[in-house]
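Examining the three-dimensional arrangement
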Amino acid sequence: IASGIDFLLLCLCCVVVLFYSYSGIITIIFLLGVNIKRIALQPLRWKDSSNKISYQWVAVILIMIFVLVILHFSNSGEMLFREEKFQIPFTPVNYFLFILSDHKIILPLLAGGTINFIVYAIHGKTLGTHFNIKP
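Residues numbered from 1 in each chain as written. Predicted model: local features only at pLDDT ≥ 70, side-chain atom pairs only at ≥ 80, totals over all residues. Heavy atoms only, no water.

Attention shifts here to the overall build of the protein. Counting secondary structure elements, the protein contains five helices and zero strands. Mapped from its N terminus to its C terminus, the protein presents α and β elements in the order α-α-α-α-α. Taking the intrachain contacts of the protein between residues at least 6 apart in sequence as the baseline, contacts between residues at least 24 apart amount to 63%. When the accessible surface of the protein is split by element, carbon and sulfur atoms take 72% of a total near 9500 Å². (Helix = DSSP H or I, 4+ residues; strand = E, 2+ residues; numbered from the N terminus. Contact = heavy atoms within 4.5 Å. Areas by Shrake-Rupley, 256 points an atom, 1.4 Å probe, with all protein chains shown as cover.)

What follows is the structure in structure tokens.
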């Protein structure tokens with residue numbers, strides 16, 4: 001189920017790139033989509049009693065931080081969404097050249113990936129336990 005939702009998020013991001021190419025939209029789709037998926041699917045997963053971190057609350061906190069960052073930038077006069085021009089045709093090579101062309105593009109992508117890795121991908125000795133927290 002989670003992989004299917006991730007695939008739908010990927011398809012949505014591809015459609016956005018092709019038909020509504022504004023900066024920041026893919027970041028919003030990714031951060032909100034992944035965390036909403038976590039909130040919805042976490043109750044269906046097996047939970048070890050030794051793990052005291054509720055991933056649903058981590059996801060809610062990440063969404064709240066993300067909304068606060070958007071509000072901060074929108075109130076500071078910063079232009080959040082700017083139409084991006086891609087080279088024609090849209091290919092993976094052109095896309096990666098675009099991403100690597102400016103630090104204002106690559107740094108938020110790296111920051112988002114790093115934050116999600118730290119929050120969701122670090123496990124203790126047993127998969128699903130965060131830092132091996134015991135009761």
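With that settled, consider the nonpolar core. If you look at the biggest cluster of nonpolar residues, it comprises six residues: Leu9, Cys13, Val16, Ile25, Ile29 and Val34. Those elements giving two or more residues to this core turn out to be α1 (2-19) and α2 (25-41). Once residues within four sequence positions are removed from consideration, Cys13 is found in contact with Ile26 and Ile29. (Core = buried A, V, L, I, M, F, W, Y, C linked by side-chain atoms within 4.5 Å. Buried < 20%, exposed > 50% of the residue type's maximum accessible area, 1.4 Å probe, protein only.)

On to helix α3 (residues 55-75), then. Counted at 1.5 Å a residue, the expected span for α3 with its 21 residues is 30 Å, and the 30 Å between its end C-alpha atoms agrees. Buried residues of α3: Tyr55, Ala59, Leu62, Ile63 and Phe66, and no others. The buried side chains of α3 occupy one side of the element, clustering within an arc of 100° when seen end-on. Facing away from the buried surface of α3 by more than 90 degrees, the exposed residues are Trp57, Leu68, His72 and Asn75. (Expected span 1.5 Å × (residues − 1). Arc of directions from axis to C-beta.)

Let's shift gears to α1. An ideal rise of 1.5 Å per residue puts 26 Å on 18 residues; α1 measures up with 26 Å between its terminal C-alpha atoms. Where α1 is buried, its residues contact α2.

So, about the packing of α1 against α2. Helix-helix packing is described using two parameters, namely the angle between the two axes and the distance between the axes. Between α1 and α2, whose axes approach to 10 Å, the crossing angle comes to 165°. Of the possible angle classes, the one that applies to α1 and α2 is roughly antiparallel. Our pair here, α1 against α2, has a crossing hand that is right-handed. Listed contacts from α2 to Ala2, Ile5, Asp6, Leu9, Leu12, Cys13, Val16 and Val17 of α1 are Ile25, Ile26, Ile29, Gly33, Val34, Lys37 and Leu41. Within the contact of α1 with α2, the residues separate by chemical class into twelve nonpolar, one polar and two charged. (Axes fitted to C-alpha atoms, helices over the stretch in contact; angles between N-to-C directions. Parallel < 35°, antiparallel > 145°, perpendicular 65-115°, else oblique. Left-handed = near helix turned anticlockwise from the far one by under 90°. Nonpolar A, V, L, I, M, F, W, Y, C, P; charged D, E, K, R; others polar.)

As a further point, take the environment of Ser76. Turning to its location among the elements, Ser76 is positioned in the loop between α3 and α4 (92-100). Residue Ser76 is classed as partly exposed on the basis of its relative accessible area of 45%. A polar contact of 3.0 Å, which involves the side chain of Ser76, links it to the backbone oxygen of Phe73. (Polar contact = N/O pair within 3.5 Å; in protein donor to acceptor, adjacent residues only side chain to side chain.)

Summarising the element assignment, Lys37 is placed in helix α2. Owing to a relative accessible area of 12%, Lys37 belongs among the buried residues under this scheme. Not counting chain neighbours up to four residues away, the residues in contact with Lys37 comprise Ala2, Ile5 and Asp6.

α3 packs onto α2 with a crossing angle of 155° between their chain directions and a minimal axis gap of 8 Å. Overall, the two elements α2 and α3 adopt an arrangement that is roughly antiparallel. Judged by the sense of rotation from one axis to the other, the crossing of α2 with α3 is left-handed. Contacts between α2 and α3 involve Thr27, Ile28, Leu31, Leu32, Asn35, Ile36, Arg38 and Ile39 from the former and Tyr55, Gln56, Ala59, Val60, Leu62, Ile63, Phe66 and Ile70 from the latter. Taken together, the residues of the contact of α2 with α3 sort by class into twelve nonpolar, three polar and one charged.

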